[in-house]
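Now for the letters of each chain:
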Amino acid sequence: MELPDKETCYRALQSRDTRFDGLIYVGVKSTGIYCRPVCPARTAKYENCTFFASAAAAHEAGYRPCLRCRPETAPELASWRGTSNTVSRALALIADGALDGEGKTVDALAERLGVGERQLRRLFLQHLGASPIAVAQTRRVLFAKHLIHETQMPMTEVALASGFSSLRRFNELFQQLFHRPPSALRRKSSTNRPGTEAGITLRLRYRPPYDWLSMLSFLQARAIPGVEVVENECYRRTVEIDGSIGTVAVTHLPQRQSFRVTIHFPAVQSLPAIVARVRRLFDLSADIETIDTHLSTDPKLAPWIARHPGLRAPGGWDGFELAVRAILGQQISVSAARKLAGQLVSLHGKPVPKSARAHPDLTHTFPTSKRIAIAKSLGLGMPAARLASLKALAQAAAGDPNLFRPFGTIEEAIARLCTIPGIGEWTAQYIALRALREMDAFPASDIGLLRGAATVDGTPATPKTLLTRAESWRPWRAYAAQHLWAANANEVPHTEQAHA
């Protein structure tokens with residue numbers, strides 16, 4: 001979907017149409033400020049407005065973020081989603097810091113994506129109106145502004161957490177953008193908020209609708225003992241990044257179309273990566289209205305979409321963790337797979353110090369690939385072939401830190417995963433859907449999908465016929481899969497392989 005014409009964009013601005021929030025940004029020539037279309041400020045004159053497909057494009061054009069509507073709090077959306085998988089993968093890597101720090105270049109990013117640097121720049125300009133570097137810089141500025149507004153973090157920590165190489169550069173950029181130091185942007189109301197010792201709390205917006213009950217049910221059924229807890233409509237889990245240990249808690253704020261995320265973590269520079277993982281796990285960046293509209297053109301699928309508006313595709317917190325769970329769940333029930341995962345955690349996970357436990361049941365972090373790779377015995381009661389698959393997976397992940405990150409095309413990603421012993425087409429598609437966030441991944445041989453397709457169409461389905469059937473659902477077959485699983489007779493699958 002391309003940026004709408006100026007007249008359409010201006011009407012959306014005049015009416016403060018929430019449907020365009022996160023999809024367009026308006027730069028006002030008379031003020032030098034860019035806003036969201038829902039900004040409460042007086043609507044600028046038509047001739048003073050320039051519309052952009054991304055905050056980065058407005059930033060690169062010389063506009064500074066509005067202090068009233070706060071572009072950093074807009075739903076993280078863009079009109080290109082689903083139309084350029086390369087841009088989608090690139091942005092996921094940028095969110096993980098692929099362009100932060102020395103030696104992290106656009107060349108290296110393009111190589112990881114399997115495209116040339118010029119092609120990557122062209123795609124970014126086409127879909128976002130800005131270069132990859134501009135997108136990374138805007139991400140840093142807006143994340144810093146978010147932290148300034150919503151936390152009491154010292155400015156030195158804000159700069160470090162946002163990916164700035166120095167406090168001096170951080171101060172210079174904010175002075176240049178806002179004509180005032182960063183501390184002047186901190187709202188007076190934030191002075192009454194708890195300090196960093198109580199955790200960093202942020203709000204992350206999404207585009208409604210959001211089927212929270214389905215997401216919560218999914219996560220609760222698969223919560224790994226010791227690592228995850230789902231209770232009182234709150235998701236909690238342990239976090240380990242580069243040896244540091246912490247916790248995260250996520251609750252839903254439906255009236256504000258947001259999630260409240262509270263993070264306890266000793267290394268502030270890991271905050272962007274943790275926020276990116278929360279977005280990935282809860283699928284917060286989906287343009288769900290566009291996706292549901294596209295899938296509803298299928299007359300047989302449309303009634304099922306109407307039953308579950310806003311049904312998301314759950315992501316995975318960590319690629320290795322997700323892949324292990326997929327192997328553990330092959331041909332056994334979800335509860336049995338969960339029990340095995342809990343045993344693996346208790347035997348090989350790193351204990352969380354009692355002083356750092358935000359919940360008494362959050363006792364361990366999930367074991368890293370290196371720990372599993374060097375373990376003499378996993379100590380799990382399961383077939384030898386599957387144990388060998390876990391070891392092979394751990395060795396592959398330990399040897400390639402980018403194994404579970406976007407790389408090349410979805411076909412290339414599937415082929416690469418299938419070279420690991422014990423990972424076949426279904427498991428690779430499952431990993432691609434949840435860990436790599438390939439929104440066109442589709443495990444057609446899944447028994448739950450086949451049953452769901454039979455329910456939807458009223459006729460039996462085979463993997464071959466289902467693949468043919470799914471062609472019209474591209475490029476969002478992963479979301480169609482969620483509706484097929486929901487259409488399955490009991491809506492509660494008996495095996496992990498029956499529901500991603």
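Presented here is a report on the structure given in the accompanying data block. All of these numbers come straight from a predicted model, not from anything done at the bench. (Residues numbered from 1 in each chain as written. Predicted model: local features only at pLDDT ≥ 70, side-chain atom pairs only at ≥ 80, totals over all residues. Heavy atoms only, no water.)

1. Some points on the overall build of the chain
Item 1. Along the backbone of the chain there are 21 helices and 9 strands.
Item 2. Principal-axis analysis of the C-alpha atoms gives the chain an extent of 70 × 55 × 45 Å.
Item 3. Within the chain, the proportion of its 500 residues that are buried is 58%.
Item 4. Within the chain, counting contacts between residues at least 6 apart in sequence, those at least 24 apart form 68% of the total.
Item 5. A total accessible area of about 20900 Å² is found for the chain, and carbon and sulfur atoms account for 53% of it.
Item 6. Seen as two clouds, the 62 positive and the 44 negative side-chain charges of the chain have centres 5 Å apart. (Helix = DSSP H or I, 4+ residues; strand = E, 2+ residues; numbered from the N terminus. Buried < 20%, exposed > 50% of the residue type's maximum accessible area, 1.4 Å probe, protein only. Contact = heavy atoms within 4.5 Å. Areas by Shrake-Rupley, 256 points an atom, 1.4 Å probe, with all protein chains shown as cover. Lys, Arg positive; Asp, Glu negative; His and termini not counted. Charge placed at Lys NZ, Arg CZ, Asp CG, Glu CD.)

2. Things to note about the packing of aromatic side chains
Item 1. For the structure shown, the criterion picks out 16 aromatic pairs.
Item 2. On the basis of an interplanar angle of 55° and a centroid distance of 4.9 Å, the ring pair of F170 and F174 is categorised as tilted. Remark: F174 and F170 occur in helix 8 (residues 167–178); sequence separation between them is 4 residues, near one turn of the helix. Across the pair, F174 and F170 agree in class, each one buried. (Phe/Tyr/Trp six-rings, centres within 6.5 Å; stacked < 30°, edge-to-face > 60°.)

3. Description of the nonpolar core
Considering soluble globular proteins, one finds that nonpolar side chains tend to be buried as a cluster.
Item 1. Ranked by size, the top nonpolar core spans 68 residues in total, and within it F320, L393, F404, F442, W473, Y479 and L484 carry the most contacts.
Item 2. Contact partners of F404, with chain neighbours within four places excluded, come to G319, F320, A323, L393, A397, L417, I431, A435 and L436.
Item 3. Within the second largest apolar cluster, 48 residues are counted, among which are Y210, L219, V250 and F282. (Core = buried A, V, L, I, M, F, W, Y, C linked by side-chain atoms within 4.5 Å.)

4. Here's the deal with helix 4 (residues 106–113)
At 3.6 residues per turn, the α-helix brings residues three or four places apart onto the same side.
Item 1. When we look at burial in helix 4, the residues that qualify are V106, L109, A110, R112 and L113. Buried residues in helix 4, looked at end-on, bunch into an arc of 160°, giving them a common side.
Item 2. Buried residues in helix 4 make contact with helix 3 (85–95), helix 5 (117–127) and helix 6 (132–150).
Item 3. Looking one or two residues past helix 4, G114 carries a phi angle of roughly 75°, positive in sign. (Arc of directions from axis to C-beta.)

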